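These are the residues of each chain, in order.
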Amino acid sequence: MLEDSFRHKGLRKNLIKEIMNKGIKNERVLNAINKVPRHLFMDTGFINFAYKDQAFPIGEGQTISQPYTVAFQTELLDVNKHMKVLEVGTGSGYQAAVLVELGARVYTIERQRKLFVKTQMLLNTLGYKLKFFYGDGFKGQKTYAPFDRILITAAAPEIPEELLSQLRPGGKLVIPLGGSDIQEMLLIEKTGKESYTNSKHGKFSFVPMLKGTSNSNDTKK
Ligand code: SAH
């Protein structure tokens, strides 16, 4: 059932070409994406579309990000082997798997209990080694801080102060910033204990980053 066939591998190669054409250059990022069987991270109804460069529903009103967006954020994050990386918004686990393939030590937080349980099981079955947390990503993971890199994969209405404080000096944080349908991709570099530089990297569209945790479906409120 959890098969990665020649057909899937072939489709993945085409996807890599497509995201290269859209501007992704980093070889290590492209290789990591080429290794992750995205079809295994999708809801059964969408498996046949797994290698389309699009976001798809994964239940609980959430989505698996578009591969180009995953590649873009990962490239911007600039991850090296053994770095400690915190991801906010585990979702399907696809982005987390890409970070593991890059050799990072990955810590990922999800606020939706169902997704947290389901994704943890899937990644364990697939043999990806990382740490999962059920909680509110606005609070980060103090116990394991500081992190070399922090990646936010939901639309953040503001820059979470707590996450900045959990970033190592010299570290980088990538965040889609904005409360509406469209966000600006921001790269924040921590240059000193309390000094930062920001750069903007274009418009994207994510599901919202929400406060607190949830046991149910936020879209049905
Ligand atoms: N990285 C994911 C993208 C999932 S979409 C992937 O590769 O599939 C964003 C996810 O962020 C959703 O699962 C949503 O439930 C989660 N999320 C939203 N706000 C959050 C918060 N405050 N803390 C943790 N997770 C959050």
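Note that this is a predicted model, so its numbers are computed, not measured.

Caption draft 1: A look at the nonpolar core. Counting residues in hydrophobic clusters, the biggest one holds 49 residues, and the most contacted among them are Ile19 and Phe41. Elements supplying a minimum of two residues to this core: helix 1 (6-21), helix 2 (27-35), strand 1 (56-59), helix 3 (67-77), helix 4 (94-101), helix 5 (113-126) and strand 8 (183-190). Apart from residues lying up to four places away in sequence, Phe41 is in contact with Val36, Ile58, Ile64, Ser92, Gly93, Tyr94, Ala97, Leu122, Leu123, Leu126 and Tyr128. In this structure, Phe133, Leu163, Leu186 and Met209 belong to the second largest nonpolar core, which totals 19 residues.

Caption draft 2: Region of the structure containing the site of the ligand. Around the ligand lies a shell of 27 residues, among which Glu87, Ser92, Glu110, Gly137 and Leu210 are the nearest. Taking Asp136, its side chain carries an N or O atom lying 3.0 Å from a nitrogen atom of the ligand. Elements that contribute at least two residues to the shell around the ligand include exactly strand 2 (62-64), strand 3 (84-88), helix 4 and strand 4 (105-110). Considering each element in turn, the shell around the ligand owes the most residues, three residues, to strand 2. Its residues placed into classes, the shell around the ligand shows eleven nonpolar, twelve polar and four charged.

Caption draft 3: Representation of the pairing of strand 5 (residues 131-134) in the model. Alignment of strand 4 against strand 5, held across four bridges, turns out to be parallel. Looking at strand 5, one finds that Glu110 is bridged to Tyr134. Since strand 4 and strand 5 lie parallel, the crossover through helix 5 that links them has a hand, and here it is right-handed.

Caption draft 4: Seen up close, unusual backbone geometry. Of note, the bond from Ala145 into Pro146 is cis; its omega dihedral lies within 30 degrees of zero at 0 degrees. Positive phi, close to 55 degrees, is recorded for Glu60, a residue that is not glycine. Mapped onto the fold, Glu60 is located in the loop between strand 1 and strand 2. Classification of Glu60 as buried rests on a relative accessible area of 15%. The backbone of His82 sits at a positive phi, close to 70 degrees, despite the residue not being glycine. Positionally, His82 belongs in the loop between helix 3 and strand 3.

What counts as what
- Positions within a chain are numbered from 1, following the residues in the order the chain's sequence is written.
- Note on the predicted model: pLDDT of at least 70 is required for a residue's local features to be given, and 80 or more for side-chain atom pairs to be given and counted; whole-chain, interface and lining totals, by contrast, use all residues.
- Note: side-chain values were computed over all heavy atoms of the structure, leaving out hydrogens and water.
- Here the nonpolar core consists of buried residues drawn from Ala, Val, Leu, Ile, Met, Phe, Trp, Tyr and Cys, with membership extended through side-chain atoms lying within 4.5 Å.
- A 1.4 Å probe rolled over the protein chains alone gives each residue an accessible area, and that area as a share of the maximum for its type sets the label: buried under 20%, exposed over 50%, partly exposed in between.
- Put simply, DSSP H or I for four residues or longer makes a helix, DSSP E for two residues or longer makes a strand, and each gets a number counted from the N terminus.
- Residues count as neighbours in contact if any of their non-hydrogen atoms are within 4.5 Å of one another.
- By convention in these notes, a residue is near a molecule or strand provided one of its non-hydrogen atoms lies within 4 Å of it.
- Definition of a polar contact: a pair of N or O atoms within 3.5 Å, with one able to donate and the other able to accept a hydrogen when the atoms are protein atoms, and with sequence-neighbouring residues admitted only if both atoms are side-chain atoms.
- In the scheme used here, Gly and all other residues not listed as nonpolar or charged are polar, with Ala, Val, Leu, Ile, Met, Phe, Trp, Tyr, Cys and Pro taken as nonpolar and Asp, Glu, Lys and Arg as charged.
- Note on pairing: DSSP must find at least two bridges between two strands before they are called paired.
- With its strands directed away from the observer, a crossover is right-handed exactly when the path from the first strand over the helix to the second travels clockwise.

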